[in-house]
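Coordinate inspection notes
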Amino acid sequence: MARFSDEVVNRIKNEVSLVRLVENWGLPLKKHGKDYIGHCPFHDDKTPSFVISPESNLWHCLGACGEGGSVIDWVMKTQGVSFRHALELLRNDHLPLAADTPVKN
Ligand SMILES: [Zn+2]
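Note that the structure is a prediction, hence the values are computed from the model and not measured. (Residues numbered from 1 in each chain as written. Predicted model: local features only at pLDDT ≥ 70, side-chain atom pairs only at ≥ 80, totals over all residues. Heavy atoms only, no water.)

Right, let's talk about the packing of aromatic side chains for a bit. This structure, assessed with the given rule, holds six aromatic pairs. The interplanar angle of 40° and the centroid separation of 5.6 Å between the aromatic rings of F42 and W59 together place this pair among those described as tilted. A residue pair is termed long-range when its members are at least 10 positions apart, and F42 in the loop between strand 2 (35-38) and strand 3 (50-53) and W59 in strand 4 (residues 58-61) qualify at 17 residues. Using a relative accessible area of 23% as the deciding quantity, one classes F42 as partly exposed. Taken together, the aromatic side chains of W25, F42, F50, W59 and W74 make up a single cluster linked through ring pairs. (Phe/Tyr/Trp six-rings, centres within 6.5 Å; stacked < 30°, edge-to-face > 60°. Helix = DSSP H or I, 4+ residues; strand = E, 2+ residues; numbered from the N terminus. Buried < 20%, exposed > 50% of the residue type's maximum accessible area, 1.4 Å probe, protein only.)

Before going further, it helps to spend a moment on the coordination of the zinc ion. Within the protein, the atoms that donate to the zinc ion are C40 (SG), H43 (ND1), C61 (SG) and C65 (SG), at distances of 2.0 to 2.3 Å. When the donors of the zinc ion are listed by position in the chain, the intervening gaps give C-x2-H-x17-C-x3-C. Here C61 lies in strand 4 and H43 lies in the loop between strand 2 and strand 3, a separation of 18 residues in the sequence. Like C61, H43 is buried. (Donors = N, O, S within 2.8 Å, 3.2 Å for Na, K, Ca; no water.)

Right, dumping it as C-alpha cells:
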C-alpha cells in the first residue's frame with residue numbers, strides 16, 4: 001500500500017481545489033466576499049451555512065453540525081472512507097505524480 005509523506009499530504013491539502021472538488025461532487029456554491037457558501041450536505045441546512053475559504057482551501061459549517069476541514073476531510077465524509085483512502089483518491093485524481101515528487105522546501 002502506498003505511503004504518504006507529509007509533503008504529499010500537504011500538497012494535496014494545498015493544491016487540490018476544494019471549490020472545484022465540492023462543485024464536482026454536486027454542491028452548488030455561491031461567491032460570498034472572498035469565500036464561497038452553500039447548503040451544508042451534512043445536516044438539514046435551511047440557510048447556507050457551509051463556507052469554503054479558497055485562500056486557506058478549508059471548509060467549515062457554521063450551522064448545526066459544525067463540521068469542517070481540508071479536502072481530505074471532505075472526501076472522508078462524503079465518501080465514507082478512511083484518511084489513507086481519501087489521500088489515495090485525491091492523489092490519483094488530482095496529483096498523479098505527487099508521490100514521486102522530491103521533497104522541496
Ligand atoms: Zn452542517
